[in-house]
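Structural overview for review
Residue-level listing of the chains:
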Amino acid sequence: MEQAISTISGYVWSDFFIYFCLSVGLYFSIRTGFLQIRYIKDMVKLLFTKNESNQGISSFQAFALAISGRVGTGNIVGVATAIYMGGPGSVFWMWAIAFLGASSAFIESALAQVYKQKEGDIFRGGPAYYIEKGLGVKWYALLFALITVISTGFLLPGVQSNAINGTISNAFNYSNQVISLGGTDMTVSWVGLIVIILLGVIIIGGVKRLAQASELIVPFMAGAYILMALIIIVLNFNHIPDVFKLIFSSAFSLDATFGGIIGTAISWGVKRGIYSNEAGQGTGPHAAAAAHVKHPAQQGLVQAFSVYVDTLFVCSATAFMILFSDQYNVLGGVSETGEVTYIAKHISTDIGADGFTQAAVSSYFPSFGNQFVAIALFFFAFTTIMAYYYFAETNIAYIFKGKNYKPMIWVLRIVFLFSVYFGTIKTAKQAWDLGDIGVGLMAWVNIIAILLLSRVGLKVWKDYERQRKQGIESPTFHPKELNIKNADFWEEEK
């Protein structure tokens, strides 16, 4: 079973798809004039614009909700895995997909705003909505919605809960227990039970409670983690040029040690980069659509900035801590007999990639390093699980729109909590392979959709850019003037 899951994951993440993701990001970067560089000031300013109505959520709450989905296990274990499989050069390719992917994140999030719809005092939107309204292809929209419900409701949560269980086990000498029930042995995870109880309380409160929880937790968790990384960087200030040299030389096959695995570095860097920052995956647009803004491009810029925060800040923090401390190994291969060989081996005991970050922080702060990373990852992963639930719920609402979908929401909640718990008792490899399948399938469907809708996305951008160049501080959106059809919410607002 595990081998079959791994094989499917390999097909989804083919070499073609890796380069396709990079090419799409480059295309949107060129077509928007590299907005991810030119409009950073606007990104930061829009982030703190208050919501002047009771409709939807604020830009910062939408940012926090999206960040809670982006910043998770991928920022700690994912980065470590990329280094383990592709060497230090994989870090550069994570940066590359973040930089180029910021433009893809802009397009998909702006489209989510254009085609969002109002339900009571909240907004719903995302790829399924813009595929149906923008492309007019109902079956394709339903396909994305179904894949997203399966991925974020069942395949992806287990990666996060598995990492929570693993790091807490390493830090606090905890392990799952096996109990006998009616003559049958069952594995019980007390960590898993605590997580689903806390999660249940939050998700039953609905979208606004999710946004409020994210708004409180995200700044705290990301700030504390980056602060720890900055302390370690300051302690290794003289070695910063050496680490950059190692990353760049490994990324372009200039390093003698890692020169033979450049293809693997690109593959794992892009793969783990997309898993972490979710640019083009189609998850960010769900949070983007929930915000109340005056122009769709505003939320597109905010979501582009969230990609930067995820990869250029948080993922880089993890990478630097690991590389500064030399607490990593790089896999060479596995023989038919199961013997593991390494291209680089800095840790004598094979703790696995999921332990690199804990080992790195502990090498500087042995008294609490393990525990700090475990607690940080708990918050990272927990908020990501919350965001996954929101994405799944939004697509349930889409699939059953016009009908009473409340019973299906309760089915989703039960299945979702089960999948979170199940993740704490299955192997890490199985959890990651299932997660990769979910991310890859969503990205395949969504990236094709935003390419087909690129004309609309670029119209939105050019309209915003034109108004900003005219000195308008807060541009407004009039879809009919741009010949954009089916933007129902915006047409009703005017």
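Structural data are supplied above this passage.
In this report, we go over the structure that sits alongside the text. (Residues numbered from 1 in each chain as written. Predicted model: local features only at pLDDT ≥ 70, side-chain atom pairs only at ≥ 80, totals over all residues. Heavy atoms only, no water.)

Another aspect to go through is the packing of helix 2 (residues 15-31) against helix 14 (residues 262-277). At a minimum axis distance of 10 Å, the contact between helix 2 and helix 14 shows a crossing angle of 65°. For the element pair helix 2 and helix 14, the recorded crossing hand is left-handed. Every residue of helix 14 that contacts helix 2 at Ile18, Tyr19, Cys21 and Leu22 is listed here: Ile266, Ser267, Val270, Lys271 and Ile274. (Axes fitted to C-alpha atoms, helices over the stretch in contact; angles between N-to-C directions. Helix = DSSP H or I, 4+ residues; strand = E, 2+ residues; numbered from the N terminus. Left-handed = near helix turned anticlockwise from the far one by under 90°. Contact = heavy atoms within 4.5 Å.)

Counting 157 residues, the largest nonpolar core has Phe106, Ile164, Leu199, Tyr225 and Leu301 as its most contacted members. For this core, the leading source of residues is helix 18 (residues 369-399), giving 19 residues. In this view, Leu301 contacts Leu35, Tyr39, Asp42, Met43, Leu46, Phe106, Trp461 and Tyr464; residues no more than four positions away in its chain are not counted. (Core = buried A, V, L, I, M, F, W, Y, C linked by side-chain atoms within 4.5 Å. Buried < 20%, exposed > 50% of the residue type's maximum accessible area, 1.4 Å probe, protein only.)

One pass over the structure, following the stated rule, counts 2 cavities of 30 Å³ or more. Reported here for the largest cavity is a volume of approximately 50 Å³. Lining of the largest cavity is provided by Cys21, Val24, Gly25, Ile97, Gly101, Ser104, Ile274, Ala279, Gly280 and Ile447. The set of elements that each furnish at least two residues to the lining of the largest cavity consists of helix 2 and helix 7 (89-114). (1 Å grid on protein atoms, 1.4 Å probe; cavity = no way out; pocket = protein on both sides within 12 Å on 5 of 7 lines; lining within 4 Å. Points joined across faces, edges and corners; volume = space filled by probe spheres on them.)

Here helix 11 (residues 190-203) spans 20 Å end to end across 14 residues, near enough to the 20 Å set by a 1.5 Å rise per residue. Within helix 11, the full set of buried residues consists of Val191, Gly192, Val195, Ile196, Leu199, Gly200, Ile202 and Ile203. Looking down the long axis of helix 11, one finds its buried residues gathered within 160° of arc, a one-sided arrangement. In helix 11, those exposed residues whose orientation departs by more than 90 degrees from the buried face are Ile194, Ile197 and Val201. (Expected span 1.5 Å × (residues − 1). Arc of directions from axis to C-beta.)

Bringing unusual backbone geometry into the picture now. Positive phi, normally seen in glycine, also occurs at Asp326, with a value near 60°. Mapped onto the fold, Asp326 is located in the loop between helix 16 (296-325) and strand 5 (329-334). Residue Asn486 is not a glycine yet carries a positive backbone phi of 65°. Within the element layout of this structure, Asn486 appears in the loop between helix 21 (454-469) and helix 22 (488-493).

The next point concerns helix 17 (residues 356-364). Of all the 9 residues making up helix 17, 7 are buried; the element is thus mostly covered by neighbouring parts of the structure. Every buried residue belonging to helix 17 is among Phe356, Thr357, Gln358, Ala359, Ala360, Val361 and Ser362, and all of these are buried.

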